[in-house]
Amino acid sequence: MSADLNSPFARDIAHHIHPQTNLRRHEAEGPLLIERGDGVYVVDADGKRLLEGMAGLWCASLGFSETRLVDAATRQMRRLPYMQTFAHRSFDPVVELSAELVGMAPAPMSKALFACSGSEANDTAMKLVWYYHHAIGRPEKRKIISRRRSYHGTTIASASLTGLANMHQDFNLPLAGVVHVTCPHHYREGLAGETEEDFAARLAAELEEVIEREGPETIGAFIAEPVMGTGGVVVPPRTYFERVQAVLRRHDILIIADEVICGFGRTGNMWGSQTYGIKPDIVTCAKGLSAAYFPISATLVSQAIYDAMLAESDKLGNFSHGFTYGGHPVGAAVARETLAIYRERDIVGHVRRVAPRLQDGLRRLSDHRLVGEVRGVGLMAAIELTMDKAARKPFPAERKVAGHLAGAIHRRGVLLRGLGDALMLSPPLIIEDAEIDVILSAVAESLDETQAWVAGGFG
Ligand code: PMP
């Protein structure tokens, strides 16, 4: 804490609103000022090196000192720092990036449309679902089904898709027409003795009931993250997507895969949709697309959707959607270089090689008194804490036990995130074995420290 009123610390408190932050606590405790990056580490204002075990917000896949991305951005800044894509304008990096994304998509896609964030990509997806259904003469097919605990963004539409109550409360959300169904978290939502397959079958049956209750002619799309990220790294139960997709196809409901976290290698395949056999009609992606070195996102659409858009824009005279910075040349150039690095360094192969060290290492903590469940795939994982292993009893929410655990881990030089009872991990994809070991020992020691705090009555 700094008493100097002109310090960045004090000036941050004085002038800056932090998203997803307890504002009162920020006034009391101030910011964690990060000065620079160094591989998978960042260095704070006191010079302390911190291993960024969340890759920022699940996005800095190539760590914090990838000079090739700096050079790609600089070259593009010098050549053409800005141009829009409205009204037929185009330029080299966005042309090539579109072709590349369409070519590598997890299901046949026709075209790419760009924005700057995951939220905008999902807003765009929702608008395209509506546009498509208008185009094919069934405008009433406009409701979107999402899942509780999903995270799809923070704009009015994408926060509505998001299935976290705190993202809705006091914001007058969700918008009408978004329907949330059960989160596919077997540990928390499964019935006693229910197998993963039975749980998946029950959720598919629930989905069908919801569709029939709402009227299939009113449901336009279903949106899902292959693995839920912010909601606590919820890995779908076996057969879930297979069963859910069968229901959706039966009722002619589009599938949107939100690949904002899972896309570009996080789950050990290029796309989470490949890991779970999802065949989407629309794909949204961001984060890893540019390894977070520049804000850029994309919405990819199937040929059928594009054909309908074409017909509708004929009728209306224009396709009237887009953002000033959508397809920004610098973002597109950085994204192209990012994809080249993923290919050249076989980032997916690297994730597959190192992921077992993280996943097995975390699973070895399963016997710890505080640990209810360890889950994850590829380089994303969560530890679910519990007060009582047998009864799977959650901690009182106000204790913020996972946040306390994340604090203890931070003191040991590793940045992770606690939300509710879940400690989440999502390191840069370039992480090496020795760095995974640093995370694992910080987590193990901090679990013991947190256990002592819990046993001492949280005092
Ligand atoms: N979808 C998913 C799955 C996400 O994790 C996020 C961000 N955490 C978003 C969408 C929203 O992305 P952004 O914050 O870039 O708007």
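Anything mentioned here points back to the structure above.
Residues numbered from 1 in each chain as written. Predicted model: local features only at pLDDT ≥ 70, side-chain atom pairs only at ≥ 80, totals over all residues. Heavy atoms only, no water.

1. Focus on the overall build of the protein
Stated formally: Helix numbers and strand numbers start at the N terminus; a helix is a DSSP run of H or I with at least 4 residues, a strand a run of E with at least 2. The globule rule used for comparison is 2.2 Å times the number of residues to the exponent 0.38, while the radius of gyration itself is calculated over C-alpha atoms. Only protein chains enter the calculation, and the probe is 1.4 Å; a residue is then buried if its accessible area is under 20% of its type maximum, exposed if over 50%, and partly exposed in between. Note on contacts: a residue pair is in contact if any heavy atoms of the two residues lie within 4.5 Å. Each accessible area is a Shrake-Rupley estimate made with a 1.4 Å probe; only the visible protein chains count as cover when residues are assessed.
Of regular secondary structure, the protein possesses 16 helices and 15 strands. What you see for the protein is a C-alpha radius of gyration of 22 Å, in line with the 23 Å of a compact globule of 459 residues. Within the protein, the fraction of its 459 residues that count as buried is 55%. Counting only contacts in the protein whose residues sit at least 6 apart along the sequence, the fraction spanning at least 24 positions is 69%. Accessible area of the protein: about 20100 Å², with a carbon and sulfur share of 53%.

2. So, the site of the ligand
For the record, the criterion: Nearness is defined per residue: one heavy atom within 4 Å of the molecule or strand is enough. Contacts described as polar in this section are N or O atom pairs within 3.5 Å, which, within protein, must combine one atom able to donate a hydrogen with one able to accept it, while residues neighboring in sequence count only if both atoms come from side chains.
In the vicinity of the ligand, the residues found are Ser117, Gly118, Ser119, Asn122, Tyr151, His152, Gly153, Glu225, Asp258, Val260, Ile261 and Lys287. Between the ligand and Gly118, the relevant distance is 2.9 Å, taken from an oxygen atom to a main-chain nitrogen or oxygen of the residue. A distance of 2.5 Å is found between an oxygen atom of the ligand and a side-chain nitrogen or oxygen belonging to Ser119. When isolated, the ligand has an accessible area of 390 Å², and the protein chains bury 84% of it. The element that contributes the greatest number of residues to the shell around the ligand is helix α6 (residues 118–135), accounting for three residues.

3. Points about α6
Threshold: Expected helix span is computed as 1.5 Å times (number of residues minus one).
Look at α6: 25 Å from first C-alpha to last across 18 residues, which is about the 26 Å you get at 1.5 Å a residue. With respect to burial, α6 is a largely interior element, 14 of its 18 residues being buried. Phi turns positive one or two residues past the end of α6, at Gly137, with a value near 80°.

4. Some words on the pattern of salt bridges
Quick note on the threshold: For salt bridges, the criterion is a side-chain nitrogen of Lys or Arg within 4 Å of an Asp or Glu carboxyl oxygen.
Within this structure, the stated rule accounts for 25 salt bridges. Glu197 is the partner of Arg238 in a salt bridge, and the nearest nitrogen-oxygen pair spans 3.2 Å. Residue Arg238 is located in the loop between β7 (219–224) and α10 (240–250), and its partner Glu197 is located in helix α9 (residues 196–214); the two are separated by 41 residues in the primary sequence. Two residues, Glu208 and Arg250, come together in a salt bridge whose shortest N-O distance is 2.7 Å. Of this pair, Glu208 sits in helix α9 while Arg250 sits in helix α10, placing them 42 residues apart in sequence. Residue classification places Arg250 among the exposed residues on the basis of a relative accessible area of 53%. In the salt-bridge network here, residues are joined through shared partners; they are Arg188, Glu373, Arg375 and Glu384.

5. Observations regarding the sheet that holds strand β5 (residues 143–147)
Counted only if it meets this: DSSP calls a pair of strands paired once it identifies at least 2 bridges connecting them. Here an axis means a line fitted to C-alpha atoms, over the contact stretch when the element is a helix, while the angle between two N-to-C directions is reported on a 0 to 180 degree scale.
Pairing within the open sheet is mixed, and its seven strands lie in the order β4-β10-β9-β8-β7-β5-β6. At either end of the open sheet lies a strand with only one pairing partner, and these are β4 (111–115) and β6 (178–181). The sheet shows a mean angle of 20° between the axes of neighbouring strands, taken without regard to direction. Contacts from α6 reach β4, β5, β6, β7, β8 (254–258), β9 (282–285) and β10 (297–301), with the element oriented near 25° to β10. Set on the sheet, helix α12 (residues 303–316) makes contact with β4, β8, β9 and β10; between it and β10 the angle comes to about 90°.

6. Focus: the environment of Gly265
Secondary-structure assignment places Gly265 in the loop between β8 and α11 (272–275). Owing to a relative accessible area of 0%, Gly265 belongs among the buried residues under this scheme. Taking the C-alpha atoms as reference points, Gly265 and Val351, separated by 86 residues in sequence, lie 7.0 Å from one another. Once you skip the residues sitting within four places of it in the chain, Gly265 turns out to touch Met270, Val348, Val351 and Leu429.

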